Amino acid sequence: MDLDSVYRAEYGRCVATLTRLLGDIGLAEEFVQDAFAVAVQKWDETPPPNPGAWIVTTARNRAIDRLRRESTREARHAQALLLHQPDEPQEVGPVRDDQLRMIFTCCHPALSPPAQTALTLRLLGGLEVAEIARAYVAPEATVAQRIVRAKKKIRDAGIPYRVPAAAELPDRLASVLTVLYLVFNEGYSATSGQLLRTDLCLEAIRLARALAELMPDEPEVIGLLALLLLTEARRPARVGPSGELVVLAEQDRALWNRELIAEGHELVRRCLRRNQPGPYQLQAAINAVHTDGQATDWTQVLALYDQLLQHTPTPIVALNRAVAIAEVHGPAQALATIDELDLPGYHLLPAARADLLTRLGRTADALAAYDEAITLATNDTERTFLRTRRALLGRAARDETTRSVHTVDQENVSATLTVAVPVAKVFAALADPTTHAAIDGTGWVQEAVNQAPLTEVGQIFRMDMHHANHPDGDYQVVNKVQVLDPPHAIGWLTGSEKDDGQLELGGWLWRYDLVPLGPSETEVTLTYDWSAVPQFRREYIQFPPFGPEHLINSLHHLAELVSLR
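Residues numbered from 1 in each chain as written. Predicted model: local features only at pLDDT ≥ 70, side-chain atom pairs only at ≥ 80, totals over all residues. Heavy atoms only, no water.

**Observations regarding the pattern of salt bridges**
Inclusion rule: Salt bridges are defined by distance alone: a side-chain nitrogen of Lys or Arg within 4 Å of a carboxyl oxygen of Asp or Glu. To qualify as a helix, a DSSP run of H or I must reach at least 4 residues; to qualify as a strand, a run of E must reach at least 2; elements of each kind are numbered from the N terminus. Burial classes follow relative accessibility: with a 1.4 Å probe on protein chains only, a residue under 20% of its type's maximum area counts as buried, one over 50% as exposed, and anything between as partly exposed.
The full count for this structure, using the stated rule, is 22 salt bridges. For Lys152, the salt bridge is made with Asp156, and the minimal N-O distance between the two is 2.7 Å. Of this pair, Lys152 and Asp156 both sit in helix 8 (residues 140-156), four residues apart, which is roughly one turn of that helix. Take Asp156: its relative accessible area is 48%, and that puts it in the partly exposed class. Here Arg274 and Asp217 are joined by a salt bridge, their closest N and O atoms 3.6 Å apart. Residue Arg274 is found in helix 12 (residues 258-274), and its partner Asp217 is found in the loop between helix 10 (198-214) and helix 11 (219-232); the two are separated by 57 residues along the sequence. Exposure remark for Arg274: the relative accessible area of 34% places this residue in the partly exposed category.

**Overview of the environment of Pro315**
Going by this rule: Any two residues whose heavy atoms approach within 4.5 Å are treated as being in contact.
Of note, Pro315 is situated in helix 15 (residues 315-329). Assessed through its relative accessible area of 33%, Pro315 is described here as partly exposed. Taking C-alpha positions, Pro315 is 9.1 Å from Ile338, a pair spaced 23 residues apart along the chain. Beyond its immediate sequence surroundings of up to four residues, Pro315 is in contact with Leu341, Asp342 and Leu343.

**Comments concerning the packing of helix 10 against helix 11**
Definition in use: Note on geometry: axes are lines fitted to C-alpha atoms, helical ones only across the stretch in contact, with angles between N-to-C directions running from 0 to 180 degrees. We call two directions roughly parallel when the angle between them is under 35 degrees, roughly antiparallel when it is over 145, roughly perpendicular when it lies between 65 and 115, and oblique otherwise. Two helices that cross are described as forming a left-handed crossing if the nearer one is turned anticlockwise from the farther one by less than a right angle, and a right-handed crossing if clockwise. Note on residue classes: Ala, Val, Leu, Ile, Met, Phe, Trp, Tyr, Cys and Pro are nonpolar, Asp, Glu, Lys and Arg are charged, and everything else, Gly too, is polar.
At a minimum axis distance of 9 Å, the contact between helix 10 and helix 11 shows a crossing angle of 150°. Here helix 10 is positioned roughly antiparallel relative to helix 11, judged by the angle of their axes. The handedness of the crossing between helix 10 and helix 11 is left-handed. Of helix 11, the residues touching helix 10 (which contributes Cys201, Leu202, Ala204, Ile205, Ala208, Arg209, Leu211 and Ala212) are Val221, Ile222, Leu225, Leu228, Leu229 and Glu232. Grouping the constituent residues of the contact of helix 10 with helix 11 by class yields twelve nonpolar, no polar and two charged.

Take a look at the structure:
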């Protein structure tokens, strides 16, 4: 375990333990950070056997050194308390109450809910401010200020570091449940880096168990514990052999933890007997359906999501419900539901749209949705998964286009592709010299001499091209791209440069014909025509990049280009 892993696993526990010793969260965090700085200098590649205890001891000693330099009575009193602690603190891992005290302290009703969750994720989860900000799609400065103000309020108001009395529990329970839920979610789908942070998942479950012991008659406490256990049971199958994400439908159920599933199902049955449904109990029931048998009963899942949406009418619940709608009523109805949601910055929304659009055969729209999801995703594993799905979709579309290639006659070859883009947008891409060169896929090096887009009949921009691996050596040619019939036709006009710098034009070599099939769909036909320049037929035969595969590549480059513009 490297130092970064130790920091992730032990930071929250160490801060909680030192807070118990010092009674001040801010000072505890400061000295724990100092101790990790010392570890950077003193640890070799292998940490000590109990790195958490080492950090706590080092932090405590640095606190004592600081207090010895203070002259106030309060400082000397604090020093005496520290000096009377055992020289070697207990192992941090088995200490059960410190973290629970920390959560209850951070979830004091005097703090706002956003401050409660941000502070707890920082102190208990060891998340950096940037990671918390990404998780909540909020500016880093805003999150940082929330944490600073929360710690200051805890200190100034003298909020005690303890589990509150029974009469105080109801005021804090909702926030405590939310924090444990978010800590587990961060472990199950981390904001950045690898997909899983097992330490956070296990810590959230441990604390949920402790809370269930403290409040065994609270249905939502039991519901949360059941939810975490049933979700954790699927973790062994959530990633593949190479660490890749595996979605629920493709998971190997034999890898699921049957012991946790049995425990979770029993807790769900306890909740059902109480008949006091709440959000965590309903989510636990949904996961019980997922883990019951060899296939998910999506009709039952959808019915549970209907109830959950009544309890918690949030866009994220509605998005998850849409997934169930797709399985029961089909992707079209699910897409209509998703398109009504507003979740800016939430990558799972365009990811879900991409999947539904793929199932509906709307390939161009699906590719665009995948691009949006990839841009928004912050977790490396999820980004890789989305890129893989996009690549597979693009490959399938490529195979479909291959079947549309046809030879017109002995003098021409052409290919056709339909793109879900308005004809004017396709034409604009072909008429823009800054992007036109990206369409070709044969290895030609192209340079647009003129930089103004074409808009009218007869307008031309010049392309200087050469190919280092041409049969005739470093072959060079001058082409002109000319508008034939805006926005329906544009072509490449071959030629060569005379001694006086003027172009001697030949015949048409390439021609794009655009046929609008609707307001948002265009049929693009690319024709390679050497009838006016028969010498190019030899090159077509001898130099394969000019053949049908070249046209297919060019059409796909064009389709990708216009979908991103």
